[in-house]
Amino acid sequence: MVVEHTHHAPEPDAAPIVVASNRGPVSYRRGEDGSLLAGRGGGGLVSGLSAIGQDAGAVWVCAALGDTDREAARLGGRRLPEADTGGHRVRMLDIDPATFAAAYNGVANSVLWFVHHMLWQTPLEPVFDGAFRAQWEAYEAYNTAFADAIAEEAAEGASVLVQDYHLVLVPGLLRARRPDLRIGHFSHTPWAPPDYYRLLPDDVAGQVLRGILGGDRAGFLTRRWAEAFAASCEVVLPGAEVAREDGVATSVTFEGRTTRLGVHGLGADAEFLRERAHRPDVEERLAALRRQIGPGRRTIVRVDRTELSKNIVRGLLAYRRLLEDHPHWQGEVVHIAFAYPSRQDLAVYRSYMAEVGRVAHEINTTFGTADWTPVALQMEDDFPRSLAAYRLADVALVNPIRDGMNLVAKEVPVVSDHGCALVLSREAGAAAELGEDALMVNPFDVADTARALNAALLMDPAERLERTKRLAAAATALPPARWFVDQLRAL
């Protein structure tokens, strides 16, 4: 699809800093009286934006995610009322629901997410047919809507930070509209190695790379993902040249433009987590968890969205193997598994969630006794309960198939009450920073993971505490606020 490049003049109150992401800092729900009620969005991005301060005059461009958001976007005019947004200037885009669904579920979550996490069962998927082409056109239209809005919101020479795989075409589209802007793109996912990346149709693979290379800078969570991106450019784009210093990729030059590569390992927000983890609602849930587990028992904790990449089923199988291989742990340890719903509008996610429930039930049926339930599975989102489990954990299991970073691996050591052994997948981005003090595992090797769980449970408490201190220091090296400001400075 060829998009016509029209000149977009900035608005009179244009912003020196623009942030663009699919999900914004506010979402709306319907009150009992029919009115629209605004709720604050969560996540590192929100705390990151607040770090630049409201006097910086930044604008956040995001998409309306549902009907109530769309209604608020229409009522709000160009920007949402600042009373709803905590004082931030937010432009919420009312994108046609069918276009949004095809772009978000059809391409972003079912194609781009899958390629970077290497999740396809390749004998059967992907199939790039006419239906995909229609979805790809919707993805182009969705990215174009963002590029148009940013072009209007950004002041002359403004800095623009575009977030994640939903918006990979935006830097290139925006460059055509506003060559004066400083544009950065940040990938919160892994980046697929070139051989896997080339499962995408050739033109789409090229278009994604060209989109990101429209920016002045491309940011990644780890060096590994930045190198995979550079390698994909070399393989997919004829004439792309990667500059390297001491063997490390520093920039990609393509069609006369140079895009610098940067690595920013997003850390945990220690101050917020430690304060939040000791509020009354967390203390209540901590007491309830202790009663549920029973006195004297050890705990293996995992907290994840039920996301295909999180590898929850193999984690449960590893726990089952632990109980089989080391029967003395039966009755002595409880696996607290929080598997919160994710993307339940996609059938493959619904069936995965059902499989998590089935395996947990099977373990409880096989090994459970009158006074011991081996797996405490919770599938309803509950942040205070997650923090209570972090505090309680003797062992944290973080075993993703592949993960851009994995903040849970960084959060648990920060709030742990008495030290926690971390069993960590070597395929998590966090492994680059936490690998020395974690017990590293191959996420596909259930026997290997069971051995690591046993070693973690047997670890000397003093050693566990020392490791936890070092893990917490590494985990908080780049808190969200500084992560955000660092990228702005680097632009």
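By convention here, each chain's residues receive numbers from 1 onward along its written sequence. In view of the model being predicted, local features appear only for residues whose pLDDT reaches at least 70, and side-chain atom pairs are presented and counted only at 80 or more, with totals across whole chains, interfaces and linings using the full set of residues. Side-chain measures here rest on the full set of heavy atoms in the structure, leaving out hydrogens and waters.

**Points about the overall build of the chain**
Put simply, DSSP H or I for four residues or longer makes a helix, DSSP E for two residues or longer makes a strand, and each gets a number counted from the N terminus. The helix and strand tally for the chain stands at 18 helices and 17 strands. Taken along the three principal axes of its C-alpha coordinates, the chain extends 70 × 55 × 45 Å. Using a 1.4 Å probe on the protein chains alone, a residue whose accessible area is under 20% of its type maximum counts as buried, one over 50% counts as exposed, and one in between counts as partly exposed. Taking all 491 residues of the chain together, 58% fall into the buried category. Only the protein chains shown count as covering a residue, and every accessible area follows the Shrake-Rupley method with a 1.4 Å probe. When the accessible area of the chain is evaluated, it comes to approximately 19500 Å², of which 51% is carbon and sulfur surface. For the chain, the distance from the average position of its 52 positive side-chain charges to the average position of its 65 negative side-chain charges is 3 Å. Neither His nor the chain ends is counted toward charge; the positive residues are Lys and Arg and the negative residues Asp and Glu. Taken as the charge centre is NZ of Lys, CZ of Arg, CG of Asp or CD of Glu, depending on the residue.

**Here's the deal with the pattern of salt bridges**
The rule for a salt bridge is simple: a side-chain nitrogen of Lys or Arg has to be within 4 Å of a carboxyl oxygen of Asp or Glu. Enumeration according to the criterion identifies 41 salt bridges in this entry. When the shortest N-O distance is used, the salt bridge between Asp 180 and Arg 178 registers 2.8 Å. Judged by its relative accessible area of 2%, Arg 178 is buried. Look at the salt bridges and you will find they share partners, linking Asp 13, Arg 78, Arg 79, Arg 91, Glu 152 and Glu 153 into a network.

**Things to note about the sheet that holds strand 10 (residues 248-254)**
Spatially, 5-4-1-6-7-8-11-10-9 is the arrangement adopted by the nine strands of the open sheet, whose pairing is mixed. Looking at the sheet topology across the chains shown, the edges are occupied by strand 5 (89-93) and strand 9 (241-245). For this sheet, the mean inter-axis angle between neighbouring strands, taken without regard to orientation, is 20°. Pairing between strands is defined by DSSP: at least two bridges between the two strands are required. With five bridges connecting them, strand 4 (residues 59-63) and strand 5 associate as parallel partners. If you follow Cys 62 over to strand 5, its bridge partner there is Met 92. Residue contacts are counted whenever heavy atoms from the two residues lie within 4.5 Å of one another. Between the N-to-C directions of two axes lies an angle of 0 to 180 degrees, each axis being a line fitted to C-alpha atoms and, for a helix, fitted only over the stretch in contact. Across the sheet, helix 5 (residues 170-177) touches strand 6 (154-163), strand 7 (182-187) and strand 11 (257-263), and the angle it forms with strand 7 is around 170°.

**Re the pairing of strand 10**
In the sheet, strand 9 pairs with strand 10 via five bridges, with the strands oriented antiparallel. Directly across from Glu 241, in strand 10, lies its bridge partner Thr 253. Counting the residues that bridge the hairpin from strand 9 to strand 10 gives two residues, and of these Asp 246 lies at a positive phi of roughly 50°. Looking at chain direction, strand 10 and strand 11 are connected through four bridges and run antiparallel. Directly across from Thr 253, in strand 11, lies its bridge partner Thr 258. Counting the residues between successive antiparallel strands, the hairpin from strand 10 to strand 11 contains two residues, one of them, Glu 255, with a positive phi of roughly 50°.

**Quick word on the side chain of His 264**
Along the chain, His 264 falls in the loop between strand 11 and helix 9 (270-276). Polar side-chain contacts of His 264 include one of 3.0 Å to the side chain of Arg 217. Polar contact is the term for a pair of N or O atoms within 3.5 Å; when the atoms are in protein, one must be able to donate a hydrogen and the other to accept it, and sequence-neighboring residues count only if both atoms are side-chain atoms.

**Here's the deal with unusual backbone geometry**
Here the bond from Glu 125 into Pro 126 is cis, since omega is 0°, no more than 30 degrees from zero. Within the secondary structure, Pro 126 is located in the loop between helix 3 (97-117) and helix 4 (130-153). Positioned with a positive phi, Met 118 is a non-glycine residue whose angle comes to about 55°. Within the fold, Met 118 resides in the loop between helix 3 and helix 4. Phi is positive for Asp 246, which is not a glycine, with a value near 50°. Tracing the backbone shows Asp 246 in the loop between strand 9 and strand 10.

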